[in-house]
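Letter by letter, the chains look like this.
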Number of protein chains: 2
Amino acid sequence: MDLAAATAGGRAAAEVGGDARGGAVAGGRAAGRGPVPRAALAESLEEVMREHGREALQYQWPEGYGPLREQVAAMLRERGVDVAQDELLITSGAQQALDLLARLLLRPGDALGIESPTYVAAIEVFGLQRPRMVPLARDEDGLDLAAVRALVRGAEKSLLYLAPAGHNPSGSSLSAEACESIVELSRAHDALVIEDDAYGRIQFEEPRRPLRSYPGAEERVILVGTFSKALTPGLRVGWIVAPPVVTAQLVLLKGIADLQTNTLGQMALSSYLERHHLDAHVARCLPRYRERRDAMLQSLAEHMPAEVRWTRPTCGFSVWVKLPEAQAADALLARAIEAGVAFEPGAAFFPIDAPRNYLRLSFSNQTPERIAEAVARLGKSLRAP
Amino acid sequence: MDLAAATAGGRAAAEVGGDARGGAVAGGRAAGRGPVPRAALAESLEEVMREHGREALQYQWPEGYGPLREQVAAMLRERGVDVAQDELLITSGAQQALDLLARLLLRPGDALGIESPTYVAAIEVFGLQRPRMVPLARDEDGLDLAAVRALVRGAEKSLLYLAPAGHNPSGSSLSAEACESIVELSRAHDALVIEDDAYGRIQFEEPRRPLRSYPGAEERVILVGTFSKALTPGLRVGWIVAPPVVTAQLVLLKGIADLQTNTLGQMALSSYLERHHLDAHVARCLPRYRERRDAMLQSLAEHMPAEVRWTRPTCGFSVWVKLPEAQAADALLARAIEAGVAFEPGAAFFPIDAPRNYLRLSFSNQTPERIAEAVARLGKSLRAP
């Protein structure tokens, strides 16, 4: 894990790309910076402290604050996922959800099917368990289902980590047919799928249903979600939906790992959801993200050399860019930082055999004007000797 | 790990003992319920949302919010612990601190010296790494230093988990001489000590310095602390102070485990500490805790059969009770719950070879009157056939 490099990139003054968070695993989630409903959340916090201050500052159950668990379940039901209360656990963000799942489900040497490329910090957190990583090629056009088939057929039990309804870094979702095939394969071969739905609500075209909403998925698909992308990352609240027998073990592990997710954040989110619909907030944000995406796509078309390729995201916060094979993104980053532009070099997004000629550009946290200027500078850096 | 039993006990309607938190690991920390400064914390939250709302709802660095790290370091300096910024990491409570340390420092089969009895959830979190647990007898009178000596002499590298300045469940602290011996042994034999200082500020007699404040300790002693006992547990903020090389690895692991501790909670605590001194708050709380402790000690003297023994806590939130050997605490619990009283059976506090005739009574979260009534009922349950 080249954490030092990621840190350096993440901490550089960023014109485009670079997470608001940064830090050692900065290459991971694109920043949630943007339209966080500050006033509404401040009001919710005030209401919680006024009406339930004693409870909000005390310990809670490891599985999470009851009313919030019901609200998250209701939100998921609206997206076609049927969730019973004993299937849901609140976590300290989606990252902890992945950590708990990795610790519960992976032993050293176990096969883990993992999209390539994928979310950087997923590679890191699964990597701690020293599994055998089996890369499953994923791009804008979909997932290599033949590789999935070969994996689940070849192993007695296998685990897959996928982002069907909002893939980071490509900004794409899988088709309904692909989702059906994955569920079918997981059922036929006793495989478990961890579905990362962090970006599941950030959809610029028709809304995508989570993989777990597909018929037969509830026994094989474990869904991981978070408030970080759709609402705010600063409260660190996410969730896992899993079969009850898995959830029961996760609750024990969660209690041992950090007792519980912070009470105040859970109660503030619950209070917010009582008075606001998350979809309504997302619907207000999407035009702004779409405008930023479009600004980035247009600037790329204007400023990139002819041999550079990039995705056209239908979801999420970033564009995935492919340089000619001879060009190394980390060398480009050094030149770009001199020009005041930062991005995430793509190598860290590959679980193994990382090519060096990819990079991720985030568009969520900058104005269209700044994005256009940054991409223009990036184009110049690319052409520089 | 008999988690089911702990859960059942923790969730029962508790007259005395029983954590506010409860849940799977309820047997662990005694409840912080009591004098949480709600109004002051509500004010801090309001101030943070008003002045720094954008930052408070966003990502932060894995190592924690800078100003809070400086404030925690300053608080520790007042207790004689010299802390550099690269030695301090903010965690999601002391429990996560123990989890990160266990994951970084323990491999299956490694020797872990652990007090017996000790904090339940420490046994659980270290147990996940499957070490060889070496019990070090600990009671009101101190720690079995001969056992410590044998351990550190016999292993090339060894790890110890101790609560020198506030032991749960006995409510006792080690003498200065014992602390000096431990530091000396750890230096002579290349041992690392994890110091659990969660109750370090809850002292009813002369204040105790952390082990890490003793000369020569900074290279061998890793201190774990938290706001949960002295201020509030609901924000889930704790810390680790470790040598810089260990801290650097912990920061990477923290980023992988859950990215960071919730931003809002960290900033609210920082705002609180800008305007209030934690010691002043603790000083206001101590008379209340002392009164509750004294009520419990007096009721025990009045209502316990002659052959029952208990500690006289000088710190912390609980009294540790020893029944005659033939009496099992879990059987007593069943009868006590019928009488409306709950407590923590002591078996879970022992890392191995658990005797069944111990129990822990918490006094932090009930009035003296309720404590007296509960202990009276407990005495009746003990005498019942």
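Just above sits the structure.
Residues numbered from 1 in each chain as written. Chains lettered and ligands numbered in written order. Predicted model: local features only at pLDDT ≥ 70, side-chain atom pairs only at ≥ 80, totals over all residues. Heavy atoms only, no water.

### Digging into the overall build of chain A
Piece 1. In terms of regular secondary structure, chain A is built from 12 helices and 12 strands.
Piece 2. Along the longest, intermediate and shortest principal axes, the C-alpha atoms of chain A span 60 × 55 × 35 Å.
Piece 3. Put simply, chain A has 385 residues, and 66% of those count as buried.
Piece 4. In chain A, the proportion of contacts linking residues at least 24 apart, taken out of those at least 6 apart, comes to 75%.
Piece 5. Working note: accessible area of chain A is about 13,300 Å², and carbon and sulfur atoms make up 50% of it.
Piece 6. In chain A, which carries 43 positive and 48 negative side-chain charges, the distance between the mean positions of the two groups comes to 3 Å. (Helix = DSSP H or I, 4+ residues; strand = E, 2+ residues; numbered from the N terminus. Buried < 20%, exposed > 50% of the residue type's maximum accessible area, 1.4 Å probe, protein only. Contact = heavy atoms within 4.5 Å. Areas by Shrake-Rupley, 256 points an atom, 1.4 Å probe, with all protein chains shown as cover. Lys, Arg positive; Asp, Glu negative; His and termini not counted. Charge placed at Lys NZ, Arg CZ, Asp CG, Glu CD.)

### Thoughts on the packing of helix α4 (residues 93–105) of chain A against helix α8 (residues 244–258) of chain B
Piece 1. Direction vectors running N to C along α4(A) and α8(B) enclose 95°, while the axes themselves pass 5 Å from each other. As summarised for this structure, α4(A) and α8(B) are arranged roughly perpendicular, according to the angle between their axes. Taking contact as the criterion, the partners of Q95(A), Q96(A) and D99(A) in α4(A) are, on α8(B), G255(B), I256(B), A257(B) and D258(B).
Piece 2. Of the residues belonging to the contact of α4(A) with α8(B), the class tally is two nonpolar, three polar and two charged. (Axes fitted to C-alpha atoms, helices over the stretch in contact; angles between N-to-C directions. Parallel < 35°, antiparallel > 145°, perpendicular 65-115°, else oblique. Nonpolar A, V, L, I, M, F, W, Y, C, P; charged D, E, K, R; others polar.)

### Regarding the pattern of salt bridges
Residues and elements named next belong to chain B.
Piece 1. Using the criterion set out here, one finds 30 salt bridges over all chains in the structure.
Piece 2. We note a salt bridge from E115 to R138, for which the minimum N-O separation is 2.5 Å. Taken together, the residues E115 in strand β2 (residues 111–116) and R138 in strand β3 (residues 132–139) connect sequence positions 23 residues apart. In this pair, the class of E115 matches that of R138, namely buried.
Piece 3. With a shortest N-O distance of 3.7 Å, E219 and R187 are connected by a salt bridge. Of this pair, E219 sits in the loop between β6 (191–196) and β7 (221–226) while R187 sits in helix α7 (residues 176–188); the two residues are 32 residues apart in sequence, bridging distant segments of the chain. (Salt bridge = Lys/Arg side-chain N within 4 Å of Asp/Glu carboxyl O.)

### Considering unusual backbone geometry
Piece 1. Geometrically, the link from N168(A) to P169(A) is a cis peptide bond, its omega value of 20° lying close to zero.
Piece 2. Mapped onto the elements, P169(A) comes out in the loop between β5 (159–162) and α7 (176–188).
Piece 3. Of note, the phi angle at L259(B) is positive, near 70°, even though the residue is not glycine.
Piece 4. Mapped onto the elements, L259(B) comes out in the loop between α8 and α9 (263–275).

### A closer look at the packing of aromatic side chains
All names here are of chain A.
Piece 1. For the coordinates displayed, the defined rule picks out 18 aromatic pairs over all chains.
Piece 2. In this structure an aromatic cluster arises from ring pairing among W320, F349, F350 and Y358.
Piece 3. For R209, the ring lying beneath its charged end belongs to Y214, and the centroid distance is 4.5 Å. (Phe/Tyr/Trp six-rings, centres within 6.5 Å; stacked < 30°, edge-to-face > 60°. Lys NZ or Arg CZ within 6 Å of the ring centre and 35° of its normal.)

### Observations concerning helix α12 (residues 368–383) of chain A
Residues and elements named next belong to chain A.
Piece 1. The terminal C-alpha atoms of α12 lie 23 Å apart, and with 16 residues this matches the ideal 22 Å at 1.5 Å per residue to within 8%.
Piece 2. When we look at burial in α12, the residues that qualify are P368, I371, A374, V375, A376, L378, G379, S381 and L382.
Piece 3. On its buried face, α12 is in contact with α10 (278–303), α11 (329–338) and β12 (358–362). (Expected span 1.5 Å × (residues − 1).)

### Comments concerning the pairing of strand β10 (residues 318–322) of chain B
Successive side chains on a regular strand alternate, one facing one side of the sheet and the next facing the other.
Residue and element names in this part refer to chain B.
Piece 1. Most of β10 sits out of view: four of its five residues are buried.
Piece 2. Bridge count for β10 against strand β12 (residues 358–362) is five bridges, and the pairing is antiparallel. Across the sheet, S318 pairs through a bridge with S362, a residue of β12. (Pairing = 2+ DSSP bridges.)

### A word on the sheet that holds strand β4 (residues 142–143) of chain A
All names here are of chain A.
Piece 1. Spatial ordering of the open sheet is given by β1-β8-β7-β6-β5-β2-β3-β4, a layout of eight strands whose pairing is mixed. Strand pairing shows two members of the sheet lacking a second neighbour, β1 (88–91) and β4, which therefore form its edges.
Piece 2. Alignment of β1 against strand β8 (residues 238–241), held across four bridges, turns out to be antiparallel. Following the sheet pairing, L88 is matched in β8 by V241.
Piece 3. Here helix α3 (residues 66–78) sits on the sheet and contacts β1, β7 (221–226) and β8; the angle it forms with β1, its principal contact strand, is near 110°.

### What to know about the side chain of Q96(A)
Piece 1. Looking at the secondary structure, you find Q96(A) in helix α4.
Piece 2. Not counting residues within four places of it along the chain, the set of residues in contact with Q96(A) comprises T91(A), K254(A), A257(A), D258(A), T261(A), A257(B) and D258(B).

### Regarding the sheet that holds β12(A)
Piece 1. Ordered by their spatial adjacency, four strands build an open sheet running β9-β10-β12-β11 (chain A), and the pairing between neighbours is antiparallel. Every other strand in the sheet has two partners, leaving β9 (309–310) and β11 (344–345) of chain A as the edge strands with one partner each.

### Here we look at the pairing of β7(B)
Residue and element names in this part refer to chain B.
Piece 1. Within β7, six of the six residues are buried, leaving the element largely enclosed by the surrounding structure.
Piece 2. When β6 meets β7, the two strands line up parallel, connected through four bridges. Its bridge partner lying in β7, E195 is registered against L223.
Piece 3. When β7 meets strand β8 (residues 238–241), the two strands line up antiparallel, connected through four bridges. Within β8, the position partnered with G225 by the bridge is W239.

### Focus: helix α11 (residues 329–338) of chain B
Residue and element names in this part refer to chain B.
Piece 1. Among all positions in α11, only A329, L332, L333 and A336 are buried. When α11 is viewed along its axis, its buried side chains cluster within an angular range of 105° and face the same direction.
Piece 2. A positive phi of about 85° marks G340, the residue just after α11. (Arc of directions from axis to C-beta.)

### A few points about the packing of helix α10 (residues 278–303) of chain B against helix α12 (residues 368–383) of chain B
All names here are of chain B.
Piece 1. It is the contact of α10 with α12, at a shortest axis distance of 9 Å, that shows an interaxial angle of 30°. Considering their axes alone, α10 and α12 lie roughly parallel with respect to each other. The two elements α10 and α12 meet at a crossing, and its hand is right-handed. For the pair α10 and α12, contact is made by E291, R292, A295, M296, S299, L300 and H303 and by P368, I371, A372, V375, A376, G379 and R383, respectively.
Piece 2. Tallied by class, the residues present in the contact of α10 with α12 amount to eight nonpolar, three polar and three charged. (Left-handed = near helix turned anticlockwise from the far one by under 90°.)

### Considering the environment of A334(A)
Residues and elements named next belong to chain A.
Piece 1. With respect to the helices, strands and loops of the structure, A334 is situated in helix α11.
Piece 2. Relative accessible area serves as the criterion here: at 47%, A334 is assigned to the partly exposed category.
Piece 3. Distance in space between the C-alpha atoms of A334 and F363 is 20 Å, their sequence separation being 29 residues.

### Observations concerning the side chain of R69(B)
All names here are of chain B.
Piece 1. Counting through the fold element by element, R69 comes out in helix α3 (residues 66–78).
Piece 2. Among buried charged residues, R69 stands out as having no salt bridge; its nearest opposite-charge side chain is E63, 4.9 Å away.
Piece 3. Setting aside anything within four residues of it in sequence, one finds R69 in contact with E63, G64, Q85, L88 and I90.

Shape is all these values report; function is a separate question.
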